[in-house]
Protein chains: 2
Amino acid sequence: MEKKQLDPTQEELIQTQPAEEASAGEEKVFPEDMEPQNRMENGAESNEDEDIEKPNYEEEIASIIRGNISPKVMEERIMDYHSSDIADSLDVMNETERKRLYRILDIEDLSDIFEYVDEDRAAKYLMEMDIRKQISMISNMDTDKAVDLLRLLSQERREILVGLMDKDLRREMAMVASFSEEQIGSRMTTNFIEIKRNLDVRGAMKSLIEQAAENDNISTIYVVDENEVFYGAINLKDLIIARQTDRLEDLIITSYPYVYAKESIDNCIEWIKDYSEDSIPALDEENRVLGVITSQDLVKVIDEELGEDYAKLAGLTAEEDLSETVPTSIKKRMPWLIILLFLGLFVSTVVGMFEKVVAEVTVAMLFQSLILDMAGNVGTQSLAVTIRVLMDENLTLGQKMRLIWKEFRVGSGNGILLASFSIPAIGLYLHFAKAEPWLYAFAISGCVGAALLIAMAISSLVGTIIPIVFKKAHIDPAAASGPLITTVNDLVAVVTYYSLAWIFLIQMLHY
Amino acid sequence: MEKKQLDPTQEELIQTQPAEEASAGEEKVFPEDMEPQNRMENGAESNEDEDIEKPNYEEEIASIIRGNISPKVMEERIMDYHSSDIADSLDVMNETERKRLYRILDIEDLSDIFEYVDEDRAAKYLMEMDIRKQISMISNMDTDKAVDLLRLLSQERREILVGLMDKDLRREMAMVASFSEEQIGSRMTTNFIEIKRNLDVRGAMKSLIEQAAENDNISTIYVVDENEVFYGAINLKDLIIARQTDRLEDLIITSYPYVYAKESIDNCIEWIKDYSEDSIPALDEENRVLGVITSQDLVKVIDEELGEDYAKLAGLTAEEDLSETVPTSIKKRMPWLIILLFLGLFVSTVVGMFEKVVAEVTVAMLFQSLILDMAGNVGTQSLAVTIRVLMDENLTLGQKMRLIWKEFRVGSGNGILLASFSIPAIGLYLHFAKAEPWLYAFAISGCVGAALLIAMAISSLVGTIIPIVFKKAHIDPAAASGPLITTVNDLVAVVTYYSLAWIFLIQMLHY
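Residues numbered from 1 in each chain as written. Chains lettered and ligands numbered in written order. Predicted model: local features only at pLDDT ≥ 70, side-chain atom pairs only at ≥ 80, totals over all residues. Heavy atoms only, no water.

Draft legend 1. Region of interest: the overall build of chain A. Looking only at helices and strands, chain A has 25 helices and six strands in total. Buried positions account for 59% of the 511 residues belonging to chain A. By sequence separation, contacts in chain A at least 24 residues apart represent 64% of the contacts at least 6 residues apart. Surface summary for chain A: the accessible area is close to 20100 Å², and the carbon and sulfur share equals 58%. (Helix = DSSP H or I, 4+ residues; strand = E, 2+ residues; numbered from the N terminus. Buried < 20%, exposed > 50% of the residue type's maximum accessible area, 1.4 Å probe, protein only. Contact = heavy atoms within 4.5 Å. Areas by Shrake-Rupley, 256 points an atom, 1.4 Å probe, with all protein chains shown as cover.)

Rendered as structure tokens:
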């Protein structure tokens, strides 16, 4: 059906598609199956990422509010825009204009819009409404969103609002609010469809239509037994195409995935992702459905999780954005820098212990930064790989051992390659550029090479073991930032390099 | 309705919920509104992230296949599991067992399962089927998934299969395949519901039910005009609760967001995310709906995008996983290491230019690593912030300038703090630990402090400007990895430090 409909579209479209040009000729469907030159063209064609300009909806909406048409017409005009765009438009309006908007739109629309308002402005905007509107709007929002919004308010304000809400809702919010930020329960919405197992297809459809009035996430319907215990799920699609005579039991997917609301997000997020379902139910200890995690929630969670890890890898304590003030940013970045300063000072004192070596073979100094950097880089690479692996799966001890052993070999492998390149390079440089005698030049480059190899091997071990240990100690492995690993590996590198220089150059060759 | 149903659940649940204990007493709904000690308890309570063990479905499924029950029963038993788990179970089966599975399950189920099979095994497993099954199974998959799968095959094999598929399907695949990996079109599925604008509610429902038979993504229905041009979308929810007498026009959301299939993923991904819809249509140049991006696709894309950036920040060319062999990993990590080795050698030659300074004030050497590290760290922090900001929004020149200016102030701010701490610290260390005279000790610590401040200020500029320049030059800003910035900033730091030491210590104080 839908294919039929789409056909004409494609007929014409295909003409304009390079792939088809080709496939017309030699039945090539895949660009990569074409002769190079065609592929080139195609590559060129399809890589011109056309940067389509998004119209400025915010201003359009604001100008509607500023105009003087009747409230009814104004409402219709505004509701022609997506709630997300209306939410953004609040930022370009002044307080009076916003208040006008609140008066014009009805509660349902307002609560949709407020689910999109940016955290650091939501409280301000909410306070611009009268308290009745505040209460009925929050009551109308998804429970998790409502809880998030309430969290932004001052405690007394929050208590006033919550106090004035109806009992059931307060219960639901208490339930969602009782989960910590780290638990998946804090991300669930109680806005889903639940039907009893003993219904027939007609009854299920009826119950669905009743609940659909006040619930959005209808594409999956959750089935519970007489004790409210989660039994399975039905794809709305299957229910819609089912015949009245079909048995509901046959539509129920009893293998539908679920999580427990108390599980920590880190533990189940990857697992939820793998099933790529519209929504996944979150159960309590008695296996009753408390709420669902929608894939839109999932998008947000994953975005946050990875964003945090990303920031941490760079030695930031948390993510930052444009709007942030300089002092806040300084505060966020200070902690690591201070720790690193101390580590750095410690490294310096260690270098200090080798002052004799330094004084006697000054030229060796030139390559300190090289060795320290390479060790740091290799360590950071191993770190990043390990953190991602730890995030993706819960490893057995055996797998951890294999990972460590693998990283060690990768580190040494790279070490050998780089050493075998830098020994001649540095030797020649010292002989010709610095006019050092051949033996001395290569004695030093030998030290550098050996130090590179050893330091890189050890560094990759450090970069792998530290996050694993952190995880074991229930510290977020992502807390082991690149800068930390780098500085720790500085120690390794400094000690290796100067010990080698001391033994090799001073003790053995008596320079 | 649903609230009613859930109530008993919550009644009991709440008893077990710390938040409720509190709110029972002092009407506290939010844990954070409780007295410290309660909050402690609650915190403790809710933070015990219970690590629920997931049952080993793979083995269960494999054992069913190994058993000798009738095919029909076996099929029923297996289809009690989620396609994703069945896909995983293929890995624990041997070829004979897999072939048995292929024979037992029907095409629809097999194509569902294959949408979950891991990329690096999918081709192998596919080849274990006879060609008829291969063709009908691939024809049954979502177009984008089918294309991905075919991409894994050898060219001739691919051509054989594609050649044997029906013309319409080949067209659709040619269309999806014609988009490059970087374009959003490569991620869309042609599996969606599309209805004509001129239908009434009854007609729309009828058309939906017809299409639902072969299309999964039904929660949003796309509306097109007589020329197939995208007109708007209808939430299935609204259609379901609509009365026969309602006008379809009133259900259509004309403000529904859309993208063009040719847009690059980086350009529209953040934008799509903001709308948090179930699916977003991808249009061709003539504004006809080619396919949709579902939020499950979105989860995958965001996961990949951020994963790549994460890897790049750590100086990896691409993400890695456990199963990867040592040589592949070495290959992936080599490129950066080689670039960095050359940069490192260059830094060394620059240090070489200051050999005199080094020789005369050896003790200055001790703090080289400290200054280089701090500069590198600050640079990496600015880099990470800038990359994330660039990813989130398309900045105006003015905003970019503000960002650079902000980063500069943050860098200098941190520099001042760290310098003001390290000057006395190093001075005292040199005087007491290294028995240097007061003036000399503080002359050096002064140099270190000044160098720290200057290097950190410049480094944060470098870390901000480089990714911005990269983006302008249409290079992925994430390509500016932490290690790169670190090494570039080594140069800055080395030059600053030794020039200062030379001017200050040698020229002015004549040490």
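Draft legend 2. Broad picture of the interface of chain B and chain A. Taken together, the 186 residues of chain B in the interface contact 186 residues of chain A. Each partner contributes to the roughly 16800 Å² buried at the junction of chain B and chain A, and carbon and sulfur atoms together form 59% of this total. In this assembly, chain B and chain A are joined by six salt bridges. Close ionic contact of K273 of chain B with D303 of chain A constitutes a salt bridge, the shortest N to O distance being 2.8 Å. The interface formed by chain B and chain A includes 33 residue pairs in polar contact (both at pLDDT 80 or more). Counting residues per element, the side of chain B that touches chain A draws most heavily on helix α19 (residues 326–353) of chain B, at 19 residues. Of the residues belonging to the side of chain B that touches chain A, the class tally is 82 nonpolar, 45 polar and 59 charged. (Buried area = accessible area lost by both parts, 1.4 Å probe. Salt bridge = Lys/Arg side-chain N within 4 Å of Asp/Glu carboxyl O. Polar contact = N/O pair within 3.5 Å; in protein donor to acceptor, adjacent residues only side chain to side chain. Nonpolar A, V, L, I, M, F, W, Y, C, P; charged D, E, K, R; others polar.)

Draft legend 3. Just the layout of surface pockets, in detail. Approximately 420 Å³ is the volume found for the second largest pocket. If you go around the second largest pocket, you meet 19 residues; those closest to its centre are M205 and I209 of chain A together with M205, I209 and Q244 of chain B. Taken together, the elements giving at least two residues each to the lining of the second largest pocket come down to α14 (201–212) and α15 (236–241) of chain A together with α14 (201–212) and α15 (236–241) of chain B. Of the residues assigned to the lining of the second largest pocket, the class counts are 12 nonpolar, two polar and five charged. (1 Å grid on protein atoms, 1.4 Å probe; cavity = no way out; pocket = protein on both sides within 12 Å on 5 of 7 lines; lining within 4 Å. Points joined across faces, edges and corners; volume = space filled by probe spheres on them.)

Draft legend 4. Representation of the packing of aromatic side chains within the structure. Residue and element names in this part refer to chain A. Scanning the model with the defined rule gives 30 aromatic pairs over all chains in all. Consider the rings of F192 and Y222, whose centres lie 6.0 Å apart with planes at 80°: the pair is edge-to-face. Here the residue F192 occupies a position in strand β1 (residues 192–196), and Y222 occupies one in strand β2 (residues 217–224), the gap between them amounting to 30 residues. On the basis of relative accessibility, which here comes to 0%, the residue F192 falls in the buried class. When the ring of Y258 is compared with that of Y260, the centres are 5.9 Å apart and the planes differ by 90°; the resulting orientation is edge-to-face. Residue Y258 is classed as partly exposed on the basis of its relative accessible area, which comes to 29%. Judged by relative accessible area, which is 16%, Y260 ranks as buried. (Phe/Tyr/Trp six-rings, centres within 6.5 Å; stacked < 30°, edge-to-face > 60°.)

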